[in-house]
Amino acid sequence: MGRPLRIGIVGAGAISGAYLSTFERLDAVRLTAIADLDPVRAQAVADERGVRALAVDELLNDPEVDLVLNLTVPAAHAEIALKAIAAGKHVYGEKPLAATLEDALAVIEAGREAGVRVGCAPDTVLGTGVQTARKAIDDGRIGAPVAATATMVTPGHERWHPNPDFYYQPGGGPLLDMGPYYVTALVTLLGPVASVIGAASHTRGTRVIGSGPREGETVPVNVDTHVTGVLRHENGALSTLVMSFDAVATRAANIEVHGQTGSLIVPDPNGFHGEVRLHPLNGEWETLEPSAGYLDSARGYGLADLAAAPAGQPFRADGDLAYHVLDIMTSLLAAAEKDAALTVASTCKRPAAVPLQTAPQAA
Ligand SMILES: NC(=O)c1ccc[n+]([C@@H]2O[C@H](COP(=O)([O-])OP(=O)(O)OC[C@H]3O[C@@H](n4cnc5c(N)ncnc54)[C@H](O)[C@@H]3O)[C@@H](O)[C@H]2O)c1
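The rules behind each value
- Residues numbered from 1 in each chain as written.
- Predicted model: local features only at pLDDT ≥ 70, side-chain atom pairs only at ≥ 80, totals over all residues.
- Heavy atoms only, no water.
- Domains from an automatic or database assignment.
- Contact = heavy atoms within 4.5 Å.
- Buried area = accessible area lost by both parts, 1.4 Å probe.
- Pairing = 2+ DSSP bridges.
- Helix = DSSP H or I, 4+ residues; strand = E, 2+ residues; numbered from the N terminus.
- Near = heavy atom within 4 Å.
- Polar contact = N/O pair within 3.5 Å; in protein donor to acceptor, adjacent residues only side chain to side chain.
- Areas by Shrake-Rupley, 256 points an atom, 1.4 Å probe, with all protein chains shown as cover.
- Nonpolar A, V, L, I, M, F, W, Y, C, P; charged D, E, K, R; others polar.
- Salt bridge = Lys/Arg side-chain N within 4 Å of Asp/Glu carboxyl O.
- Buried < 20%, exposed > 50% of the residue type's maximum accessible area, 1.4 Å probe, protein only.
- Core = buried A, V, L, I, M, F, W, Y, C linked by side-chain atoms within 4.5 Å.

**Side note on the domain arrangement of the chain**
In step 1: Split by domain assignment, the chain resolves into domain 1 (5–120) and domain 2 (124–289 + 324–343).
In step 2: The C-alpha centroid of domain 2 is placed 27 Å from the C-alpha centroid of domain 1.
In step 3: The interface is formed by six residues belonging to domain 1 together with six residues belonging to domain 2.
In step 4: By the criterion of area lost to domain 2, the three top residues of domain 1 are Lys95, Pro96 and Leu101, representing 81% of everything that side buries.

Here it is, written out as structure tokens:
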């Protein structure tokens, strides 16, 4: 087994804890440094983990950092990634790849020119949930795929989030916030998307914060909060998407996939595991044993998967997939605005399936 990839984290906020705990059980990666605009946050993690707290620019140029793990807010994703690439580092970031498609393209192109790897969350699709469902499809257990549905509804994150403003501004909304999980799962299950139609609405011009010091304060709504659409996959399958901050509850499956000889229920793509259920044409619902995916995986396995891939070889949670997913989502919103079907300009390779296994090993 080779040397672990040395990781420097930029962004020591809420999600960083999930990565830090996963790193303890991954041989393919080793944390060496952390940085944040707020040095107190970085120092706290550094003390706890026995690594160095550095200024952001120091970390980006540090000789003991091979890859920059970008856990900043979406508005800073492209800036940090571009600086890291310019310093010759590989990058892996939280979703979305960038706040706009233009910025995301700049990151992809810079990475390609520099010959470094660009990876991006979500890596939830590498767990046993989506991968077991994918194996059922690839093994022909539902026959030729025909369609899928993906449903995410909530009455709104302002009920629990103390600072929910960004969910209701451009770049937020139910599709860009939760869509990366669902759309990445649909591309993993059914392949890339060729075109989209969309329709979207919003019911209220303001939202009321439901918790924390700002409870009772109203925040403006400047995005559509109920977004629906149809994705036409390159293989001809049609995925219907419902993403809503305007609905109370649902009993619909997070994702269903229908084929000519069977239907599948896929667990929550915002998690790594969960029950996969299959209904064959002549049979009843049955639960499938986990048969593919990284066992006991959690946030960070996509990064370990990148680290484990030999030089020059593909890895699964890559920038091309993240770019295509962002392109699908922004095209869908544009289609809703224009009331027209739109071609999705980009495509990507369907990432390789993950055979059932424990953690990725260092290359
Ligand atoms: N919080 C979650 O549950 C969650 C879940 C999945 C994905 N994510 C994603 O993770 C990312 C971070 O979310 P979070 O909830 O941890 O946010 P957060 O606000 O808690 O943390 C972000 C951190 O990045 C730092 N930062 C911001 N700009 C920076 C810059 N230019 N240079 C250096 N540091 C900078 C901030 O100081 C902060 O400490 C987002 O892209 C989000 O979509 C979050």
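**A word on the sheet that holds strand β5 (residues 90–93)**
In step 1: Here we have six strands laid out as an open sheet, ordered β3-β2-β1-β4-β5-β6, and parallel in their pairing. Edge strands, defined here as strands with exactly one partner in the open sheet, are β3 (52–53) and β6 (118–120).
In step 2: Bridging between strand β1 (residues 5–10) and strand β4 (residues 67–70) involves four bridges; their strand directions are parallel. Paired with Gly8 across the bridge in β4 is Val68.

**Description of the site of the ligand**
In step 1: Taken together, 21 residues lie around the ligand, and Ala14, Ile15, Asp36, Arg41 and Lys95 are the ones closest in.
In step 2: Separating an oxygen atom of the ligand from a backbone N or O atom of Ala14 is a distance of 2.9 Å.
In step 3: Between the ligand and Arg41, the relevant distance is 2.5 Å, taken from an oxygen atom to a side-chain nitrogen or oxygen of the residue.
In step 4: Coverage of the ligand by the protein amounts to 74% of the 830 Å² it exposes when considered alone.
In step 5: The leading source of residues in the shell around the ligand is helix α4 (residues 74–86), at four residues.
In step 6: Looking at the shell around the ligand residue by residue, the class counts come to twelve nonpolar, four polar and five charged.

**Some remarks on unusual backbone geometry**
In step 1: Residue Pro96 is bonded to the preceding Lys95 through a cis peptide linkage, with omega at -10°.
In step 2: Its location among the elements puts Pro96 in the loop between β5 and α5 (101–114).
In step 3: For Asp296, which is not glycine, the phi dihedral falls at a positive 50°.
In step 4: Structurally, Asp296 is set in the loop between β16 (286–288) and α8 (301–308).

**As for the pattern of salt bridges**
In step 1: In this structure the tally under the stated criterion is 22 salt bridges.
In step 2: Salt-bridge contacts for Lys135 lead to Asp139; the nearest nitrogen and oxygen are separated by 2.9 Å.
In step 3: Assessed through its relative accessible area of 46%, Asp139 is described here as partly exposed.
In step 4: Between Glu158 and Arg207 there is a salt bridge, with its nearest N and O atoms 3.2 Å apart. Of the two residues, Glu158 sits in the loop between β7 (145–153) and α7 (173–190) while Arg207 sits in strand β9 (residues 206–208), which places them 49 residues apart along the sequence.
In step 5: The exposure class of Glu158 is buried, given its relative accessible area of 4%.
In step 6: Put simply, Glu158, Arg204, Arg207 and Asp246 are held in one network by salt bridges that share partners.

**Topic: the environment of Val91**
In step 1: Along the polypeptide, Val91 turns up in strand β5.
In step 2: Under the relative-accessibility criterion, Val91 is labelled buried at 5%.
In step 3: Taking the C-alpha atoms as reference points, Val91 and Ala359, separated by 268 residues in sequence, lie 20 Å from one another.
In step 4: Those residues within four positions of Val91 in sequence are excluded, and the remaining contacts are Leu67, Val68, Ala81, Ala84, Ile85, Arg117, Val118, Gly119 and Leu306.

**Things to note about the pairing of strand β15 (residues 276–280)**
In step 1: Of the pairings in the sheet, the one linking strand β14 (residues 262–266) to β15 comprises four bridges and is antiparallel in character. The partner of Ser263 across the bridge, within β15, is His279.
In step 2: Here β15 pairs with β16 via three bridges, running antiparallel. Residue pairing across strands places Leu278 opposite Glu286, the latter belonging to β16.
In step 3: The hairpin formed by β15 and β16 contains five residues between the paired strands.

**Regarding the nonpolar core**
In step 1: Of all hydrophobic cores here, the largest spans 109 residues; its most connected members are Ile7, Phe23, Leu69, Val257 and Leu264.
In step 2: Sort the elements by how many residues they give to this core and α7 lands first, with eleven residues.
In step 3: Counting residues domain by domain, this core receives three or more from each of domain 1 (5–120) and domain 2 (124–289 + 324–343).
In step 4: Those residues in contact with Leu69, other than ones at most four positions away along the chain, are Ile7, Gly8, Ile9, Val10, Tyr19, Phe23, Tyr92 and Leu303.

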